[in-house]
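# A structural walkthrough
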Amino acid sequence: MNIHTHMKRTFSYTILLVAIGFLLAGPLFGAGSRDTTTSTGDGGPVTVEFWHSNSGLLGEAMTELVARFNATVGTEKAIVVQEIYQGKAADVATKLRAGLQANRAQDLPDLAQLDATGVMDVRDSSMMVPVQTLVESDPDFNLDELQPGTVLSMTYKGKLIGMPFNASTILLYYNKDAFKEAGLDPEKPPRTLAELADYAGKLVIYDSDGKTVVRYGFAGVPTTYELVSWIGQQHGVSYLTDKSNGHDGNPTKVVFDSEGTLATFLDEWRKVYASGGLGNLTSDVRQQFIAGKTAMFATSTSSLATVIDSVAGRFELGAGYFPMVNSESTGGVNIGGGAIFVFENKNDPGKRASWEFLKYLMSAESQLFWHQKTGYFPVNLGTYGLPGFKDHIARNPLFKVAIDQLNDSSPQIQSVWWPNSYQAYFEIQNGILEMLEKGLGTEETVQKLSSVLNRYMDEYNRMNKE
Amino acid sequence: MKKSLSPYLYFVPALVLAYLFSYRPFFKTVANSLSLVNFSGKIIEFVGLENFQSLFADRNFQTSLVNTFRFALFFIPIDLVFCLVCALLVYRKRRFNALNETLFIMPMAVAMSSAALVFKAIFNPTIGVVNHLFGISVQWFNDPAWAMFTIVFLGVWMAMGLDFLLLVGALRSVPRHIVEAAEIEGAGTIAKFFRIQLPLISPTILFIVSTRLRDSMLLSGPVMVMTSGGPYRSTQTLVYQMYIEGFTAGNYSKGSAISVVVFVLTFLLILLAFRFERKGVFYQ
Amino acid sequence: MNPFMKRTDIAKATGATVLGLVVVFPIYYAFSASFFTIGEFSTYPPTLFPSTFSLVNYIRALTESMLARFMVNSLAVSLVGSLLRMIVAILAAFAVAFLKFKGKQVLFFLVLGTMMLPGDALIIENYLTISRLGLVDSYLGIMSVYLLAPVQMFMLRQSFKTIPLTYRESAAIDGCSDFRFLTSIVLPMSRPIVLTLSLHSFVTIWNTYLWPLLVTNNPEMRTVQVGITMLGYADSLDYGPIFAAISLLLMPSIIIFLLMRKKIVEGIASGAIVG
């Protein structure tokens, strides 16, 4: 064997050894780092695994909260919270469902942050531990400390299933400089859709050719998220489906057709489109607003801190109430955002450690910090009395708008818990877009949407008998 | 007798894998597509072709089907023409051609998700460079008419390394004497291309077409990273919808039915590809 | 090579270079953008050249995210995965090429038949299988669907068949068992193709996206292709670290690619690597 073959052989053996090294050392079979800390009082800290969907500024705030807990209560009570960013809320739900289906409790986290679209995935699972149970077993914790609307938003058949940690409403964001340029009062954002149509028409700017839009008045295509408020607020309170939008049981059909609420909305929305200032944009709308390509847009209050940060003096930012469909739509807006759910995963017996962390997140101070860093409004009523809060609001009046809007809204308005929420979202968006761009009739559009959404509910109920 | 057992042992790993990850899932998927499956993945009842009937009547599915073919319709000609042009420019052995060839095959060094993120940024209507450099203002990710093209361009970019090399190889294997004979008889470049080169490299072209057709049926990665099926589902493809129905919505019957459709389509196209592989790739 | 460049050749070469630069532009952009500051990302009109060459974004990418861990995961999965893949393929190809047993052809076609069933369409069921086996979030789980490579098995068989039977016979006379024949004679003789296919396997597994995305929940187990799409910076126009991460990935890829360029081109021409 000459030197070359010898060298080649040594090389291949080395690769082989390295490979075997990985094979043995790496987590070949088991899950990553949640080591067996299923402590039963053996002295080691209990690890609480928490899946969430907060990134960017929100992610930083969450990391800070977790660090604070670990350094204080965590050290005291031997609890270590491990936070894992899992992508968007829909991604967290998808991963959870995987573990729930395969019936593998050990693949589940202790806590997971979900929004309305993920609720149906976990609601009926035996592995989900309703927060109500934990509340009842802890005499020190009182649900009355929390904003009633938020508690109601996460109640199913009378029981609180998830802890409403990050509560938000939808908000109208607008460019005050653009208002001034167009001769509009920057302190008076549009209050109804009719006014929105009027303002949008005045704010839109065309290119020199008179056809291409350089800046829209308002940009966005309504989907489930907006409709929950725009339909919910009509006649004081309304619903999209029966069973109170799915909070009293699996919804079986839509009611926005028979109650005429969708039709009312669509007629008003068409006027906004007719003004010429509506941009049917669905992606990156926030970026477009920041870049000055649209003068108004509507999104969650949870984006407030991010928008303020990104606008950074480019123009003066304004925030206003979400426009009402018409003068009869007095219900206000829906409380959205997300909640944290608890799971039985053979870790943390009685979920005591998880409950400690939850309580910490819901404390007045934590909620203040979270509010300041994000724009979600404080769920703990105690926060509103803290001097730090009053101070913050005085210096950042925009944050107050969301809170005022919340207090002016009916807590009866609910998010909708229906199956196929992802598809439903797009059906609604497409349906409205088609109506506008192809000039279809209101009745026709309502028919189309109700038939496809009813079909989703039928299919689901057929396959998953309650 | 020990000796007669061991040959089968050599095959065991391959067979186990083939069963576990190909055949078994295939049959289960077919079974699921013919039944009602609940949220947890258990079959509830057998319903025959009902899932397929409702699938084909569903506008959402029709959109996926149309989009998948729309992608192929744009992707394959653009890919072919672009790679042919590049191949024709550099297939002869001249100075600088080695450099140019390297430039053309660089995309092969880049993985799909990295490329998709870069393309997402450069086609961004607000801050991206494409609109700026070409002086246009296309809303790439908000306009249903154009969003598909971002996927097509990414697809061409990812595919061109291989397709370009195949075409270069094919062009180089056209016998010199035939080409020279044509030149002597006064044939111009165009005639030379269409009458001599094109027919002789046609097996390779057909191979590329059929392979890429099959790949088009399976398109999902770029959609997931760049557009999430939007805007307004204009980039939603078959496999992407299958992923949404199956994973995000938990609709296993529907997801499996879509899988079966994808199987049938790719099966037909694989057969096509096989027929041309033999002729296309092995040269003397 | 004709030393004299005709005018058409110069035109062609220039045209090709221009096209080539267009093709390479996204790669250039990734590297360039890895040095941009947040401000440079939100200016309009967009910039093409970074104003500084500070490594801030790179440092942020490495310290604020688990990029290094992602790379380790990818490396482990690709290395071990390609090793196992080759073993499976070599064993089966060897049996078909050299051993006689009943049903050999049938079994071989059974394995090759899996080429008809594209993995992406089976992904839901495969996921359920892996999750029931408890292999979610594990290296083995990520590798599992890539361990069977019918095309490579076929190539290996073709290559093995070029070894004359006389070798086998004389080895048998010396009392050599089948397995030793494989390891001491067949494999050393097939070194080139085994290396080419191993390298190709490594790259293929390294580049996969959809399956690793589904099969990993815990960010600590994510492969790098999945990880870079989830760095969580996209919300606030803070793209710098993302491009830094992409550039970090691109650098070794491109270097290895340039070094192996000749081999790759030959491999494709000879049909060993198709797609």
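Here is what the cut-offs are and how they apply
- Residues numbered from 1 in each chain as written.
- Chains lettered and ligands numbered in written order.
- Predicted model: local features only at pLDDT ≥ 70, side-chain atom pairs only at ≥ 80, totals over all residues.
- Helix = DSSP H or I, 4+ residues; strand = E, 2+ residues; numbered from the N terminus.
- Rg over C-alpha atoms; globule rule 2.2 N^0.38 Å.
- Buried ≥ 20, exposed ≤ 12 C-beta atoms within 10 Å, placed from the backbone.
- Contact = placed C-beta atoms within 7 Å.
- Core = buried A, V, L, I, M, F, W, Y, C linked by C-beta atoms within 7 Å.
- Expected span 1.5 Å × (residues − 1).
- Bend = angle between axes of the 7 residues up to and from the residue.
- Axes fitted to C-alpha atoms, helices over the stretch in contact; angles between N-to-C directions.
- Parallel < 35°, antiparallel > 145°, perpendicular 65-115°, else oblique.
- Left-handed = near helix turned anticlockwise from the far one by under 90°.
- Nonpolar A, V, L, I, M, F, W, Y, C, P; charged D, E, K, R; others polar.
- pLDDT = per-residue confidence, 0-100.
- Pairing = 2+ DSSP bridges.

This paragraph deals with the overall build of chain C. Each helix and strand counted, chain C has 15 helices and 0 strands in total. At 24 Å, chain C has a C-alpha radius of gyration far larger than the 19 Å of a compact globule built from 275 residues. Taken over the C-alpha atoms alone, chain C extends approximately 75 × 65 × 30 Å along its principal axes. Relative to its 275 residues, chain C shows a buried fraction of 51%.

Bringing the overall build of chain B into the picture now. Of regular secondary structure, chain B possesses 12 helices and 2 strands. Taking all contacts inside chain B whose residues are at least 6 apart in sequence as the whole, residues at least 24 apart take part in 69%.

All names here are of chain A. Tracing the backbone through its elements, the reader meets Ala263 in helix α12 (residues 261–274). The spatial distance from the C-alpha of Ala263 to the C-alpha of Gly441 is 9.8 Å, given a sequence separation of 178 residues. Other than its neighbours up to four places away in sequence, Ala263 contacts Thr442 and Val446.

Right, let's get into the nonpolar core. Ranked by internal contacts, the top residues of the largest apolar core, which has 171 residues, are B:Val262, C:Ala92 and C:Phe94. Considering every element that reaches this core, the biggest residue donor is helix α4 (residues 67–98) of chain C, with 20 residues. Not counting residues within four places of it along the chain, the set of residues in contact with C:Phe94 comprises B:Tyr10, C:Phe160, C:Leu182 and C:Val186. One finds A:Met62, A:Val221, A:Tyr376 and A:Phe399 within the second-largest nonpolar core, a separate group that totals 129 residues.

At the interface, 72 residues of chain B touch 72 residues of chain C. In terms of residue count, the dominant contributor to the side of chain B that touches chain C is helix α1 (residues 2–33) of chain B (18 residues).

Taking 1.5 Å per residue, 29 residues should reach 42 Å; helix α9 (residues 189–217) of chain B reaches only 36 Å between its end C-alpha atoms and comes up short. In α9(B), a bend of some 55 degrees at B:Ser202 exceeds every other bend along the element, and B:Pro203, a proline, comes one to four places later.

This next bit is on the packing of helix α4 (residues 97–105) of chain B against helix α1 (residues 7–33) of chain C. α1(C) packs onto α4(B) with a crossing angle of 25 degrees between their chain directions and a minimal axis gap of 8 Å. Relative to α1(C), α4(B) is oriented roughly parallel. Along this stretch, α4(B) crosses α1(C), giving a crossing that reads as left-handed. Along its contact with α4(B), which presents B:Asn97, B:Asn100, B:Leu103 and B:Phe104, the element α1(C) presents C:Ala13, C:Ala16, C:Thr17, C:Gly20, C:Leu21, C:Val23 and C:Val24. Among the residues making up the contact of α4(B) with α1(C), the classes are represented as 7 nonpolar, 4 polar and no charged.

Take unusual backbone geometry next. Residue and element names in this part refer to chain A. In the Ramachandran plot, Ala312 falls in the positive-phi region, its phi being about 45 degrees despite a non-glycine side chain. Looking at the element boundaries, Ala312 is found in the loop between α14 (304–311) and β13 (317–320). Of note, the phi angle at Asn420 is positive, near 60 degrees, even though the residue is not glycine. By the secondary structure assignment, Asn420 is in the loop between α18 (398–407) and α19 (421–438).

What follows deals with the packing of helix α9 (residues 193–203) of chain A against α12(A). For any two helices packed against each other, the geometry is given by the interaxial angle and the distance between the axes. All names here are of chain A. Two elements in contact, α9 and α12, have axes separated by 8 Å at closest approach and are oriented at 10 degrees. Relative to α12, the element α9 lies roughly parallel. Between α9, through Leu193, Ala194, Leu196, Ala197 and Ala200, and α12, the contact on the second element is made entirely by Glu268, Trp269, Lys271 and Val272. Residues of the contact of α9 with α12, tallied by class, amount to 7 nonpolar, no polar and 2 charged.

On to the confidence of the model for chain B, then. Residue and element names in this part refer to chain B. Mean pLDDT over chain B stands at 86; residues scoring 70 or higher make up 94%. By mean pLDDT, the top-scoring element of chain B is helix α3 (residues 59–90) (94), and the lowest-scoring one is helix α12 (residues 252–281) (79). When the criterion is pLDDT under 50, residues 280–284 qualifies, and its contacts beyond four places in sequence or with other chains add up to 9 contacts.

Let's shift gears to the pairing of strand β8 (residues 170–175) of chain A. Residues and elements named next belong to chain A. Judged by how many residues are buried, β8 sits mostly within the fold: 6 of 6 residues are covered. The two faces of β8 match: Ile170, Leu172 and Tyr174 on one face and Leu171, Tyr173 and Asn175 on the other face are all buried. The pairing of β8 with strand β12 (residues 294–300) spans 5 bridges and is classified as antiparallel. Across the sheet, residue Leu171 finds its bridge partner in β12, namely Thr299. Note that β8 and β13 share 4 bridges and pair antiparallel. Residue pairing for β13: Asn175 is matched across the bridge by Leu317.

Another aspect to go through is the confidence of the model for chain C. Residue and element names in this part refer to chain C. Here chain C averages 85 in pLDDT, and 93% of its residues register 70 or above. By mean pLDDT, helix α15 (residues 261–269) is the weakest element of chain C at 75, and helix α7 (residues 139–144) is the strongest at 93. Reported for the predicted complex are a pTM of 0.85 and an ipTM of 0.87.

Turning to the environment of C:Glu220, a few remarks are in order. Structurally, the position occupied by C:Glu220 is in the loop between α12 (210–215) and α13 (224–227). For the pair C:Glu220 and C:Met66, spaced 154 residues apart in the sequence, the C-alpha separation amounts to 7.3 Å.

Residue and element names in this part refer to chain A. Checked against the element boundaries, Met457 lands in helix α20 (residues 442–463). For Met457, a count of 21 C-beta atoms within 10 Å gives the class buried. For the pair Met457 and Pro419, spaced 38 residues apart in the sequence, the C-alpha separation amounts to 6.3 Å.

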